[in-house]
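What follows is each chain in one-letter form.
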Amino acid sequence: MGISDLERKAERGKSFLREFVVAYKLIAFDRKKEKLFRILVIELFQNEGLRKSFLEEFHQKDIQQISRAFFIMMQKGTIRSGDPIFMAQEFLAPLFYIRLQISLLRIDGKSTTSLSTQFEKHVDFFWESLSCT
């Protein structure tokens, strides 16, 4: 995503975060991708090369994109000032946790319905803590 594209999206503030989370949510509830997620989690502890790739390609790219968006939002006065990298880490960590919960509940054959709104609630809570309005 180019800086101008990211800047345009970041100017939408909460809507940008919600769109990011909706995409993450669709992946989290996709049963095929869930199986890959389970394998990935197991392999991350056993395969150094995969760990390095995961951290560089997925984790760092998401943190970089979200932190850049937060920085743009700070410059526009949409959110309060702070460390955009820390904010991005704080924003992304619960998403991973919710995804893990979904997988663990499904392994035990339990319903994940209670988690279906957690992604959106996370955006609302996070936005309320950062927003200048």
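Residues numbered from 1 in each chain as written. Predicted model: local features only at pLDDT ≥ 70, side-chain atom pairs only at ≥ 80, totals over all residues. Heavy atoms only, no water.

With that settled, consider the nonpolar core. Nonpolar side chains in soluble globular proteins tend to be buried together. Formed by 29 residues in total, the largest nonpolar core has its most connected members in F70, M73 and F91. Elements represented by at least two residues in this core include exactly α1 (3-10), α2 (14-29), α4 (48-75), α5 (84-107) and α6 (118-130). Contact partners of M73, with chain neighbours within four places excluded, come to A10, G13, F16, L17, T78, I79 and W127. (Core = buried A, V, L, I, M, F, W, Y, C linked by side-chain atoms within 4.5 Å. Buried < 20%, exposed > 50% of the residue type's maximum accessible area, 1.4 Å probe, protein only. Helix = DSSP H or I, 4+ residues; strand = E, 2+ residues; numbered from the N terminus. Contact = heavy atoms within 4.5 Å.)

For E120, the location among the structural elements is in helix α6. There is a polar contact of 3.0 Å between the side chain of E120 and the side chain of K25. Excluding anything up to four places from it in sequence, E120 contacts R18, V21, V22 and K25. (Polar contact = N/O pair within 3.5 Å; in protein donor to acceptor, adjacent residues only side chain to side chain.)

Another point: the packing of α5 against α6. Contact pair α5 / α6: the axes reach a minimum separation of 11 Å and the direction vectors enclose 160°. Classified by the interaxial angle, the pair formed by α5 and α6 is roughly antiparallel. Note that α5 runs across α6; the crossing there is right-handed. Facing M87, E90, F91, P94, L95, I98 and I102 of α5, the residues of α6 in contact are Q118, F119, H122, V123, F126 and L130. Looking at the contact of α5 with α6 residue by residue, the classes come out as ten nonpolar, two polar and one charged. (Axes fitted to C-alpha atoms, helices over the stretch in contact; angles between N-to-C directions. Parallel < 35°, antiparallel > 145°, perpendicular 65-115°, else oblique. Left-handed = near helix turned anticlockwise from the far one by under 90°. Nonpolar A, V, L, I, M, F, W, Y, C, P; charged D, E, K, R; others polar.)

Relative to the helices and strands, L40 resides in helix α3 (residues 31-44). Counting along the chain gives 87 residues from L40 to W127, while the straight-line C-alpha distance between them is 30 Å. Those residues in contact with L40 that lie beyond four places of it in its chain are L50 and F54.

With that settled, the discussion passes to the pattern of salt bridges. According to the stated counting rule, one finds ten salt bridges in the structure shown. The shortest N-O distance in the salt bridge between K76 and E11 comes to 3.1 Å. Here K76, found in the loop between α4 and α5, pairs with E11, found in the loop between α1 and α2; they are 65 residues apart in sequence, far enough to count as distant. In this structure K76 comes out as partly exposed when scored by relative accessible area, which is 46%. On the basis of relative accessible area, E11 is assigned to the partly exposed category, the value being 45%. (Salt bridge = Lys/Arg side-chain N within 4 Å of Asp/Glu carboxyl O.)

Before going further, it helps to spend a moment on α6. Given a rise of 1.5 Å per residue, 13 residues ought to cover 18 Å, and the 18 Å separating the end C-alpha atoms of α6 matches this to within 8%. Looking at α6, one finds that the buried residues are F119, E120, H122, V123, F126, W127 and L130. Angularly, the buried residues of α6 cover 155° about the axis, an arc narrow enough to put them on a single face. Away from the buried face of α6 by more than 90 degrees, exposed residues F125 and E128 are located. For α6, the secondary structure elements touched by its buried residues are α2, α4 and α5. (Expected span 1.5 Å × (residues − 1). Arc of directions from axis to C-beta.)

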